[in-house]
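Examining the three-dimensional arrangement
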Amino acid sequence: MIISIEHPATFYLLIPLLLAVTYVSIKFIRTHRLLSEKKFVIKSGALGGRLVICFFFKTFFRVLSGMMVIAALAGISWGTDSIPVQKNGHAVSMVFDISYSMEAKDAPGGISRLKASASYAKELLEHMEGTKVSVVLAKGDGVVAIPLTEDLQSVNSLIDCLSPKLMTQKGSSLGNGIKAAISSFPEQSAEASCILLFTDCEETDNTLQSALAESSKFGMPVIVIGFGSERESEIFSGDGSVVKTALRSSDMEKVIASLSSKNSRSQVQYIDASELGSASRILKAISSETEGTVITYENQSVKKYPLFITLAIVFYLASIVFGELDIKGGKKRILHSVAQTSMVLLMFTSCSPRFNDGTKILQGKLEWNKEKYQQATAYYLEAAENSALRGDESTRQYAVYNLGTTYLQQGETDAAVMRFMEIYENSPDKIRFAILYNCGIIAHRNGDYENAADYFRRALTIDGTNINAKINLELSLREESSKAQQAERELTALSENPEEQALEAALYSLIKEGETKQWKSMEQESEKSARDY
């Protein structure tokens, strides 16, 4: 079991805690000595002994409570859990095994495995318009040859040039290729990521299983596409020696089975390229034409601060029971205090589901402030689902609203508006105002100033004192007015101007008058010539 600590510097708070305990202990010893000197208590008497015992338990349990709070702030976590993450769109990383074993010519049609994988990949690309694609070359190492892009033409150009000579490293490291593919995706991507591995399933460093486990941790499905024949054939390796090679599909299936036994949410599958309909199965998983959103699962460390907070409360209540009882109350008083404490614990337990959802929302907000939007989305989704199952509409509204703001920060405006409208009608005024305000921001960013002004105007009917909404309303109205004036200027430029028409008419009259005089002059000269003749 691996234990991780997010904020180890928090443990420095133990120093002032120990200093406080030391100070309180010294004060108690001095006070107890003073009471003994004044004969108020007898050190060896029952009252003096009870004072010491009560002080000990009170201090001991409160120190434990403080330590639990510090542990919660430190962010201690262990174990893993599958967290649902909502994605929009698709991104694919194509990993090509370009080791010398891929040069074996045992693919259908007598072509090499590498050439067959290149043709297969190009056919897939023809049906992946709008999908972002990266290309990784795997040999003795893994290298991102083309970062994530929508320019599929550049991807096709590289695929045409695939060769073992593109990399000088020896061997075949499929695991490093998978790790390079994982690194090609942005950390806070709102798109569903998928990895396609084109290979003959032969590796020399046995790193594939650990790399596939890492991809499952990030919720990235991996589709291994096998090329070649199960029958062994001989090829020349990079150093000129002759080696035997074949499609090791059975080895790959063992690796996948081992992963599935350790992680029930493992998303690794093997597909033989020669199987009928194999391309359709792959496109179904990564098609950019899939509508709506995709829910993927990421393995994340389980933070244990709810456990530590609970222990802190329990220890604090224990300090009350054992440290602040009536010293003369006896057993009856003790039983009464224990009963009261039990009632408090029972009440705390009864509200724990809502408390846990509120904690999830708080966690999501903390991750949101750190710009870790995927983790924030996971917390908000979990809180929304749990509160919906319990029928807790108030908590669900806050969770869904925060989910919408997270989508807005990621640029997923359509998904954000959909989430906002999902809770708008029945939400309290505070949330309805925030929804209208954010919708106004979205409309303004999209250049729809008329709707933006309408949203801000409706928001002000809920809270007319909000200065930012008033400023944004004024800006939207000005932008709309400026847009209308610009449209009028463009229409004027394209239409006929009366003043220009008058100027053209005057110029035409002058030209016509000049031509008339010229013709009259020519006629007069002609008549004169005729008379002279």
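Residues numbered from 1 in each chain as written. Predicted model: local features only at pLDDT ≥ 70, side-chain atom pairs only at ≥ 80, totals over all residues. Heavy atoms only, no water.

Scanning the protein chain from terminus to terminus reveals 18 helices and eleven strands. Considering only contacts in the protein chain between residues 6 or more positions apart, those separated by 24 or more positions represent 73%. (Helix = DSSP H or I, 4+ residues; strand = E, 2+ residues; numbered from the N terminus. Contact = heavy atoms within 4.5 Å.)

Time to look at the packing of aromatic side chains. Per the stated rule, a full pass over the model turns up 13 aromatic pairs. Where Phe96 meets Phe198, the ring centres are 4.7 Å apart and the plane angle is 10°; that geometry is what we call stacked. Separated by 102 residues along the polypeptide, Phe96 in strand β3 (residues 90-97) and Phe198 in strand β6 (residues 192-199) bring together distant segments of the chain. Residue Phe96 is classed as buried on the basis of its relative accessible area, which comes to 0%. By relative accessible area, which is 0% here, Phe198 ends up buried. (Phe/Tyr/Trp six-rings, centres within 6.5 Å; stacked < 30°, edge-to-face > 60°. Buried < 20%, exposed > 50% of the residue type's maximum accessible area, 1.4 Å probe, protein only.)

Phi at Cys201 takes a positive value of approximately 70°, unusual for a residue other than glycine. On the secondary structure map, Cys201 appears in the loop between β6 and α6 (208-217). Overall, Cys201 belongs to the buried group, its relative accessible area being 6%. Phi is positive for Asn206, which is not a glycine, with a value near 55°.

As a further point, take the pairing of strand β4 (residues 132-138). Summarising burial for β4: six of the seven residues are buried, a large majority. Here β3 runs beside β4; their pairing, made up of seven bridges, is parallel. When the sheet's bridge partners are listed, Met94 is paired in β4 with Val135. As for the winding sense of the linkage, the β-α-β connection from β3 through helix α3 (residues 113-125) to β4 is right-handed. For β4 and strand β5 (residues 142-149), the ladder comprises five bridges, and the chain directions are antiparallel. Bridging from a neighbouring strand, Val133 pairs with Thr149 of β5. (Pairing = 2+ DSSP bridges. Right-handed = clockwise from strand over helix to strand, strands pointing away.)

Spatially, β5-β4-β3-β6-β7-β10 is the arrangement adopted by the six strands of the open sheet, whose pairing is mixed. Of all the strands in the sheet, just β5 and β10 (268-272) have a single pairing partner and so form its edges. The average undirected angle you get between the axes of adjacent strands in this sheet is 20°. Most of the contacts of helix α8 (residues 278-286) go to β10, to which it runs at about 150°, and overall it touches β3, β6, β7 (222-226) and β10. (Axes fitted to C-alpha atoms, helices over the stretch in contact; angles between N-to-C directions.)

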